[in-house]
Amino acid sequence: MFHYTELDMFCNDVKRFADADGYVPEAEDICQDFSYPEQQFENLSSWSNHIQSSVHATRTAQQKLVAWRNRLS
C-alpha cells in the first residue's frame, strides 16, 4: 500500500484505484486494510481484478516518474 501522491505528477492514472484516503493497493494487499465502500468488492474476483489493474497502472506511472527524474539529472 502506498499513497498515490508518491508518484508526483504521474499519479493521475493511479488515483482511480485509490481508496477514500488516497491509498493504492499493491499485489499482496487485502481489501480490509483499505477504506473502500463495503459493497465495492463483494467477491474475491472483483478485488483480484482491481489489484491487477492497480499494479499495472502503478508500474507504468513509476516508469514515467523514473524517466522524468533521469531526464532532469
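Since the structure is predicted, the reported quantities are computational estimates derived from the model, not experimental observations. (Residues numbered from 1 in each chain as written. Predicted model: local features only at pLDDT ≥ 70, side-chain atom pairs only at ≥ 80, totals over all residues. Heavy atoms only, no water.)

Caption draft 1: Spatial organisation of the overall build of the protein chain. A count of helical and extended segments in the protein chain gives 2 helices and 2 strands. Taken along the three principal axes of its C-alpha coordinates, the protein chain extends 45 × 20 × 15 Å. Classification of the 73 residues of the protein chain by burial places 34% in the buried group. Within the protein chain, counting contacts between residues at least 6 apart in sequence, those at least 24 apart form 45% of the total. Accessible surface computed for the protein chain: about 5,100 Å², of which carbon and sulfur atoms make up 46%. Computing the positive centroid from 6 side-chain charges and the negative centroid from 11, the protein chain places the two 16 Å apart. (Helix = DSSP H or I, 4+ residues; strand = E, 2+ residues; numbered from the N terminus. Buried < 20%, exposed > 50% of the residue type's maximum accessible area, 1.4 Å probe, protein only. Contact = heavy atoms within 4.5 Å. Areas by Shrake-Rupley, 256 points an atom, 1.4 Å probe, with all protein chains shown as cover. Lys, Arg positive; Asp, Glu negative; His and termini not counted. Charge placed at Lys NZ, Arg CZ, Asp CG, Glu CD.)

Caption draft 2: Molecular detail of the packing of aromatic side chains. Throughout the structure, instances matching the rule amount to 6 aromatic pairs. Here the aromatic rings of F34 and Y36 are separated by 5.7 Å at their centres, their planes lie at 35°, and the arrangement is tilted. With centroids separated by 5.9 Å and ring planes inclined at 70°, the aromatic side chains of Y36 and W47 adopt a geometry described as edge-to-face. Of the two residues, Y36 is situated in the loop between β2 (23–24) and α2 (44–72) and W47 in helix α2; the sequence distance between them amounts to 11 residues. Classification of Y36 as buried rests on a relative accessible area of 12%. (Phe/Tyr/Trp six-rings, centres within 6.5 Å; stacked < 30°, edge-to-face > 60°.)

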